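Residue strings, one per chain:
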Amino acid sequence: MIFLTEYANMSNTIADILTSLEKAISTEIVSAKERADNAELALSSLRDGLVKLVGPIANDDQKAEVGKVEPTKSRSAKPSSSELIHYLDENWKSASELRETLGEAGIWPAEGTVYNWFRRLAIEHSTRIESTSKPERWRLITPMSEPRKRKRLPVSRKSQSTKSAAQTSRLITAVMKRPPSKNVINDNQFASDITPMIAGPGFELHQGDCLEVMRKLPSCSVDMVFTSPPYNLGSSSGGGLTTGRNSLWPNSALAKGYASYDDARDPEEYVEWQRNVLSECWRLLRDDGAIFYNHKPRVQKGVLQTPLDLNPDLPVRQIIIWNRNQGFNFNRSFFLPCHEWVVVFAKPAFRLRAGGCAAKDVWTFGPERHNPHPAPFPIELPRRAIENTNARVILDPFAGSGTTGLAALECGRQFVGIDLDAGYLETAAARINDNLTQQAA
Ligand SMILES: C[S@@+](CC[C@H](N)C(=O)[O-])C[C@H]1O[C@@H](n2cnc3c(N)ncnc32)[C@H](O)[C@@H]1O
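Note that the structure is predicted; figures quoted are calculated from it, not measured.

J.: Would you mind going over the overall build of the chain in detail, with residue names and values included?
T.: Across its full length, the chain carries eleven helices and 14 strands. Buried residues in the chain amount to 46% of all 441 residues. Expressed as a percentage of contacts within the chain between residues at least 6 apart in sequence, the contacts between residues at least 24 apart total 70%. When the accessible surface of the chain is totalled, it reaches about 23,100 Å², and 54% of it is carbon and sulfur.

Take a look at the structure:
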C-alpha cells in the first residue's frame, strides 16, 4: 500500500515536471520565433533603407554590398525563410521567375516546390508578403511601398474625383437601387434634412467639412461615433511623417497629406479643431451613445501629447489599446512604436451588449494593406466596437474609404459617413457596393 502511494506521488511529480518542461519549452519556442521575426523585419528594413540610399540594386555584387543575405549554394537544401524573402522585392514575381532567380544562386528546385515554398512563406509572413492567385505571384510589402492600387476605383489626389461624372452617377445609381440587405435594419433610424452625395440601403455619404455637415444634423440622432481623424502629421518636430523638405518618409502614402487636406495645421489650431469636432459628435449622440476616437500618443520635443489633450471635457469611459503589432519608424532612439489608442467617450447610459466586455481592452490587428486610401484602419477595429454594442446608427465624420461603414453594414447597422474628399467617398461607395454584393450572394 505504502509502495503504491509512493509510486502515485512519484508519477504525479514526474507529470508536474514534464508539464513545467513543456511550458518552458513552448514559451522558449514562441519567444525565439518572435525574436527571429523581429530580426528579419529589422534586417529587411535596413536593406530597404540601404537600397534607398545607394539606389536600385542592379547586380549580385551590389546586392552583396548592401547586405543581402548570401543565398544557400546547395542544390538540394531549402533556403531559410529569411533567405527566401530576399528573393522578393516590390515587383510581382511568378514561381517560374523565382525559380530562375534561385537557379542563378545555384538552387534548382522543381517549379512546384518553388510554389510551395513561396505559398507557405506568404502565409507565414502575411504582413510582409502580398500574393495573388491566377496567376500566382508574390511580392514584398515594404514599409515604404505604396499600398496596392485598386484598379477599379483610383482615389483622386485632387478634391474632385478623377472618375468621369457618368461613371460616378452609374455607381451611385447602382448603390441606390439596391434593395435593403436582409442584414441591415430596414426602418430608417436616421433622417437628415440634407441631401447626401451618395446614399443606399442603410447608409448615407456626405461630402464636405465634417463640422459644417454635422451642424446641419439633428441632435441625438446617432448611437455611436467611430472615427479616426487626420493626426496632424504634417506638423511634427520629428518622429512623424513631416511633409515637404523635412519629410522623414518621403515615399509614405501620407507624406503629402490627404487628397483634399494637407494635414499640417498649426498645433494649437489642430487641438481647437478636434475639440470642436468631438463636441459636435457629442451633440449628435443619443443619451446611451458613445464616441470611439482612434488617435495616438506622440512625443514632440520631449513633451508627451496624448489624444486626451483633444478632449473638450467629455467623460472618458476607457482607453482601448490598438496593438498594430508592427510599425515602420525603426530608430535606435526608441522602441518601435506599434500601438494606437481608441478613446471611448461615453454618455452615462452607454452599455455594451451582454457579454461584450469579453472583447477586452487590447485589440490586436495588423494595419490595413489593400486599400487605396493613404490612412485607412482595418475593418476589424470598428467591427470589434460595433458588434459588441447595440448601436443602430453609426457616424464617422472622417469616413475616408468608408471602413466604419463596411463594418456597420456587416453588423446589420446603419451608417452615416462624412469626408472632405469626393474621391474617397466614391471609393467608400464602391467598397460598400462590393460588400453588399457579397452579402447578397
Ligand atoms: C485617417 S483618415 C480616415 C480613414 C478611414 N478611417 C478609413 O478607414 O478609410 C482621415 C480622413 O479625414 C478626411 N478629412 C480631413 N479633413 C476633413 C474635414 N474637415 N472634414 C471631413 N473629413 C476630413 C480626410 O480626407 C481623410 O479621408
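J.: Hey, could you go over the sheet that holds strand 2 (residues 129-132) for me, with residue numbers and the actual values?
T.: Pairing is antiparallel in the open sheet, where three strands are placed in the order 1-3-2. Only two strands of the sheet have a single partner each, and these edge strands are strand 1 (93-94) and strand 2. Sheet topology note: the strand 1/strand 3 (residues 137-140) ladder contains two bridges and is antiparallel. Among the inter-strand pairings, serine 94 is bridged to a residue of strand 3, identified as arginine 137.

J.: For the sheet that holds strand 10 (residues 316-323), give the residues involved together with the corresponding values.
T.: One open sheet accounts for nine strands, arranged 4-5-14-13-6-7-11-10-12; its pairing is mixed. Here the strands that pair on one side only, and so sit at the sheet edges, are strand 4 (198-200) and strand 12 (362-364). Adjacent strand axes in the sheet meet at a mean angle of 15°, parallel and antiparallel pairs treated alike. With two bridges joining them, strand 6 (residues 222-227) and strand 13 (residues 393-396) adopt parallel strand pairing. Its bridge partner being in strand 13, valine 225 is matched across the sheet by leucine 395. Against the sheet, helix 10 (residues 403-410) touches strand 5 (203-207), strand 6, strand 13 and strand 14 (414-419), its axis set at about 175° to strand 14.

J.: I'd like to hear about the nonpolar core, residue by residue, with values.
T.: As a rule of thumb, nonpolar side chains are buried together in soluble globular proteins. Membership of the largest hydrophobic core comes to 34 residues, with the highest contact counts inside it found for Leu205, Met224, Phe226, Phe292 and Leu381. Within the residue set of this core, elements represented by two or more residues are strand 5, strand 6, strand 7 (285-295), strand 10, strand 11 (339-346), helix 9 (380-387), helix 10 and helix 11 (422-440). With five residues, the top contributor of residues to this core is helix 11. Not counting the four nearest positions on each side in its chain, methionine 224 is found in contact with Leu285, Ala290, Phe292, Ala385, Ile386, Thr389, Ala391, Val393, Ile394 and Leu395.

Thresholds applied
- Residues numbered from 1 in each chain as written.
- Predicted model: local features only at pLDDT ≥ 70, side-chain atom pairs only at ≥ 80, totals over all residues.
- Heavy atoms only, no water.
- Helix = DSSP H or I, 4+ residues; strand = E, 2+ residues; numbered from the N terminus.
- Buried < 20%, exposed > 50% of the residue type's maximum accessible area, 1.4 Å probe, protein only.
- Contact = heavy atoms within 4.5 Å.
- Areas by Shrake-Rupley, 256 points an atom, 1.4 Å probe, with all protein chains shown as cover.
- Pairing = 2+ DSSP bridges.
- Axes fitted to C-alpha atoms, helices over the stretch in contact; angles between N-to-C directions.
- Core = buried A, V, L, I, M, F, W, Y, C linked by side-chain atoms within 4.5 Å.

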